[in-house]
Every structure is written in C-alpha cells, then in structure tokens.
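Results of the structural survey
One letter stands for each residue in the lines below.
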Amino acid sequence: MRDTFVATLMELARSDPRIVVITGDLGFGVLDKFAAAFPGQFVNAGVAEQSMTGIAAGMALEGRKVFT
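What counts, and where the lines are drawn
- Residues numbered from 1 in each chain as written.
- Predicted model: local features only at pLDDT ≥ 70, side-chain atom pairs only at ≥ 80, totals over all residues.
- Heavy atoms only, no water.
- Phe/Tyr/Trp six-rings, centres within 6.5 Å; stacked < 30°, edge-to-face > 60°.
- Core = buried A, V, L, I, M, F, W, Y, C linked by side-chain atoms within 4.5 Å.
- Buried < 20%, exposed > 50% of the residue type's maximum accessible area, 1.4 Å probe, protein only.
- Helix = DSSP H or I, 4+ residues; strand = E, 2+ residues; numbered from the N terminus.
- Contact = heavy atoms within 4.5 Å.
- Pairing = 2+ DSSP bridges.
- Axes fitted to C-alpha atoms, helices over the stretch in contact; angles between N-to-C directions.

Re the packing of aromatic side chains
What the rule picks out here adds up to two aromatic pairs. Relative to phenylalanine 38, the ring of phenylalanine 34 lies with its centre 5.0 Å away and its plane at 40°, an arrangement referred to as tilted. With a centroid separation of 6.5 Å and 50° between ring planes, the pair formed by phenylalanine 34 and phenylalanine 42 is classed as tilted.

What follows is the structure, encoded as structure tokens:
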C-alpha cells in the first residue's frame, strides 16, 4: 500500500512542481525513490513532527501542495 502511495505521489509530482513531500525521518527507504527523483520537492524534517507541521503550513500558505 505504501509503495502505491509513493508511486502515485511521484506521478503527481512529475506534473505539478508545487507538490512537496515532508517526512519526519520515516526511514525504511520508503521515500528514497521520491527523494532521488524530486530533491527540490522533498524535505526530511527529522524527528520533529511539530516543526514538520509548521513547515508544511508555511509552504501551503505560499501555494505548495504539501504531503506529510
């Protein structure tokens, strides 16, 4: 299921540069393909979920479509 989620995000990100993925240091290599393909649309906020949410809110206010 998570592979399908990441594949779908990659498909959407190809056609919309406003899409950004922010992770709280998920690990397990789940987002490695996305990060490699879209380094400008990927942020690893580390283990700081509250900060990740603040970053996402700020990006959304500036017109980004953010997935956390």
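Notes on the nonpolar core
The biggest cluster of nonpolar side chains holds 11 residues, and these are Val6, Leu9, Met10, Ala13, Ile19, Val21, Val30, Leu31, Phe34, Phe38 and Phe42. Elements with a contribution of two residues or more to this core: helix H1 (2-15) and strand S1 (19-23). With residues up to four places along the chain from it excluded, the contact list for leucine 31 reads Val6, Val21, Thr23, Leu26 and Phe42.

Points about the sheet that holds strand S3 (residues 65-67)
Ordered by their spatial adjacency, three strands build an open sheet running S2-S1-S3, and the pairing between neighbours is parallel. Edge strands, defined here as strands with exactly one partner in the open sheet, are strand S2 (42-44) and S3. The sheet shows a mean angle of 20° between the axes of neighbouring strands, direction not considered. Two strands pair when backbone bridges link them, and S1 and S3 are joined in this way by three bridges, in the parallel orientation. Note on S3: the bridge partner recorded for valine 20 is valine 66.

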